[in-house]
Amino acid sequence: MILGKVIGTVWSTRKDENLVGSKFLIVRQLDLKFNEKDNFVIAVDSVGAGEGEIVLVATGSSARQTSITKNKPIDAVIMAIVDKLDTPNLSN
Amino acid sequence: MILGKVIGTVWSTRKDENLVGSKFLIVRQLDLKFNEKDNFVIAVDSVGAGEGEIVLVATGSSARQTSITKNKPIDAVIMAIVDKLDTPNLSN
Amino acid sequence: MILGKVIGTVWSTRKDENLVGSKFLIVRQLDLKFNEKDNFVIAVDSVGAGEGEIVLVATGSSARQTSITKNKPIDAVIMAIVDKLDTPNLSN
Amino acid sequence: MILGKVIGTVWSTRKDENLVGSKFLIVRQLDLKFNEKDNFVIAVDSVGAGEGEIVLVATGSSARQTSITKNKPIDAVIMAIVDKLDTPNLSN
Amino acid sequence: MILGKVIGTVWSTRKDENLVGSKFLIVRQLDLKFNEKDNFVIAVDSVGAGEGEIVLVATGSSARQTSITKNKPIDAVIMAIVDKLDTPNLSN
């Protein structure tokens, strides 16, 4: 999974009929010190994540393994909200 | 999903028999300020996207989860047209 | 899909038994002006592509969605031969 | 598979209901001399890996092929703990 | 598929129960002139590849399409040993 931060929302009216009601969030990748990277991914929310929250994103076919995303053309899903990282020996 | 912009069309006569009628569009990746990146992907259109439109592209097996792409050798599909991005705190 | 150019063939005698008869082609990635990139992929041909031809390559599980590649350990397939790109506003 | 080292744990209370009980570990990628790279992945543990251990991580749909991860929105799993690498001719 | 060279073996005692008996090889990526790249992947052998041999590696779900890897948490398999590349017009 990717570690990221929700930084916004994508508005879309015209989309695949199975995607009506899906919430597309913009997730910026983070390093282990929560610094934002340039990379981002658009992911569907399955856990009620809000802007500014740190999340995990599952990609590929695994993104379709939630009740919200099943059988839909979605390749990234927010499946967990991060409370904290425990990295006792992280230096750089 | 990838954020991109439709910048053209691929013409192909000789292709897998299941792809007859599929429309291949060239989608250039965008950053969150809609600047074009070097990367691009060829994606099948499932939502009536036209040149110049901002879109979302789903890749991998998820690209086959539309009525147009099901069971076809297609690894990227345009599944949403973007109205706007809402990124209130975007700085860089 | 990836835009590429067929630049050669891989010869292999010892391979998975399901791959006997599969033709492995070397496909170099192209940019939108048909300049060759450093990246390349080995792909199975499903459309009769020959050396020097511009092609589309589908990767991942989608590469197994042709009659030639079904259920085989193949992660890249040439599924279309490109006639031309139509990119009216391409600058850089 | 990716070669990596377990360097920490992700704590998450709010997550997909199928993920309750799953242990999310932070795995930093290694080169063949066990130097840490910048890249990391969050993976579910299926073999009892602990911090500091060298592991293999399988990604994508293959990450769901363990009894612990089956049918869950998980795209990376630790499926082996590495005893040692045998690379007799490694120079650089 | 990836072009690579077998440069070693991974020893692992503690692993997913379905992986007992699987042979994990270290495969370094090659360019088309057989120069070694920095990238490598750990792949399961399905064709009897030995150290120093040039091979093709299939990744993702396609890696599970051999009798040896079926239904296992494996995302890369050696499915062919390369005799030679035929690239008549290769310059750089």
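Here the structure is a predicted model, which is why all the values come from computation and not from measurement.

> What is the right way to read the relation of the copies chain B and chain A from this model?
Note that the two copies of the chain are related through a rotation about an axis and a translation along the same axis. By a simple turn and slide, chain B fits onto chain A: the slide is 0.0 Å along the axis, the RMSD is 0.0 Å, and the turn is 72 degrees. Between the two chains, the operation in question is that of a five-fold axis. When the interface residues of chain B are mapped onto chain A, a mere 3% of them again lie at the interface, so each copy presents a different face.

> Help me understand the interface of chain A and chain D, please; the structure alone is not making it clear to me.
Many descriptions give the size of an interface as the accessible area lost when the pieces come together. The interface is formed by 30 residues belonging to chain A together with 30 residues belonging to chain D. Where chain A abuts chain D, roughly 2300 Å² becomes buried across the two surfaces, and 51% of that area is made up of carbon and sulfur atoms. The shortest N-O distance in the salt bridge between glutamate 53 of chain A and arginine 14 of chain D comes to 2.7 Å. Taken together, the links from chain A to chain D amount to 15 residue pairs in polar contact (both at pLDDT 80 or more). If you tally residues by element for the side of chain A that touches chain D, the top one is strand S4 (residues 54-59) of chain A, at 4 residues. Counted by class, the side of chain A that touches chain D contains 15 nonpolar, 9 polar and 6 charged residues. Both strand S6 (residues 84-86) of chain A and strand S1 (residues 2-11) of chain D contribute to a ladder of 3 bridges, which runs antiparallel. Residue pairing in the sheet places lysine 84 of chain A in a bridge with tryptophan 11 of chain D of S1 of chain D.

> Whenever I open this one, the layout of surface pockets confuses me. Can you help?
Over the atoms rolls a probe the size of a water molecule, and its path tells where empty space is left. Approximately 240 Å³ is the volume found for the second largest pocket. Around the second largest pocket, the lining comprises 13 residues; the ones closest to its centre are Arg64, Gln65, Thr66 and Ser67 of chain A together with Asn18 of chain D. Here the lining of the second largest pocket is built from residues that sort into 1 nonpolar, 7 polar and 5 charged.

> Just checking my understanding: could you explain the packing of aromatic side chains for this structure?
Working definition: an aromatic ring pair is given by the centre-to-centre distance plus the angle between the planes. What the rule picks out here adds up to 0 aromatic pairs over all chains. Cation over ring: lysine 84 of chain D sits above tryptophan 11 of chain E, and NZ or CZ is 5.5 Å from the ring centre.

> Honestly, the interface of chain B and chain A in this entry has me stumped. Any pointers?
At the interface, 30 residues of chain B touch 30 residues of chain A. Of the roughly 2300 Å² buried where chain B meets chain A, counting both sides, 51% is carbon and sulfur surface. If you sort the residues of chain B by the area they bury against chain A, Met1, Leu32 and Gln65 of chain B come out on top, with a joint share of 28%. One can count 1 salt bridge joining chain B with chain A. One can count 15 residue pairs in polar contact (both at pLDDT 80 or more) joining chain B with chain A. Of all the secondary structure elements, the ones that give two or more residues to the side of chain B that touches chain A are strand S4 (54-59), strand S5 (76-81) and strand S6 (84-86) of chain B. Take the side of chain B that touches chain A: its biggest share by element is 4 residues, from S4 of chain B.

Cut-off values and rules
- Within any chain, residue numbers begin from 1 and follow the written order of that chain's sequence.
- Chains and ligands are labelled by the order in which they are written, letters from A for the one and numbers from 1 for the other.
- Local features are withheld for residues below a pLDDT of 70 in this predicted model, meaning they are given only at 70 or higher, and side-chain atom pairs are given and counted only at 80 or more; totals for whole chains, interfaces and linings count all residues.
- Computation of side-chain values: all heavy atoms of the structure, hydrogens and water removed.
- For this overlay, a least-squares fit was computed on C-alpha atoms, restricted to residues scoring pLDDT of at least 70 in both copies.
- The criterion used for residue contact is that any of the two residues' heavy atoms lie within 4.5 Å.
- By convention, the term buried area covers the 1.4 Å-probe accessible surface removed from two parts as they join, with the contributions of both added.
- Whenever a carboxyl oxygen of Asp or Glu lies within 4 Å of a side-chain nitrogen of Lys or Arg, that contact is scored as a salt bridge.
- Pairing of N or O atoms within 3.5 Å defines a polar contact, subject to two protein rules: one partner must be a possible hydrogen donor and the other a possible acceptor, and residues neighboring in sequence count only if both atoms are side-chain atoms.
- Note on conventions: DSSP H or I runs of at least 4 residues are helices, E runs of at least 2 residues are strands, and numbering of each starts at the N terminus.
- Three classes are used: nonpolar for Ala, Val, Leu, Ile, Met, Phe, Trp, Tyr, Cys and Pro, charged for Asp, Glu, Lys and Arg, and polar for all others, with Gly counted as polar.
- Pairing between strands requires that DSSP locate at least two bridges from one strand to the other.
- Two kinds of site are reported from a 1 Å grid over the protein atoms alone, namely cavities, where a 1.4 Å probe fits but cannot get out, and pockets, open sets with protein on both sides within 12 Å along at least five of seven lines, and residues are called lining when an atom falls within 4 Å of a point.
- Grid points are joined across faces, edges and corners, and a volume is the space filled by probe spheres set on the points.
- Between the rings of Phe, Tyr and Trp (Trp by its six-membered ring), a pair exists once the centres lie within 6.5 Å; its type follows the angle of the planes, with under 30 degrees stacked, over 60 edge-to-face, and the other angles tilted.
- Geometrically, a lysine NZ or arginine CZ counts as sitting over a ring once it is within 6 Å of the ring centre and also within 35 degrees of the ring normal.

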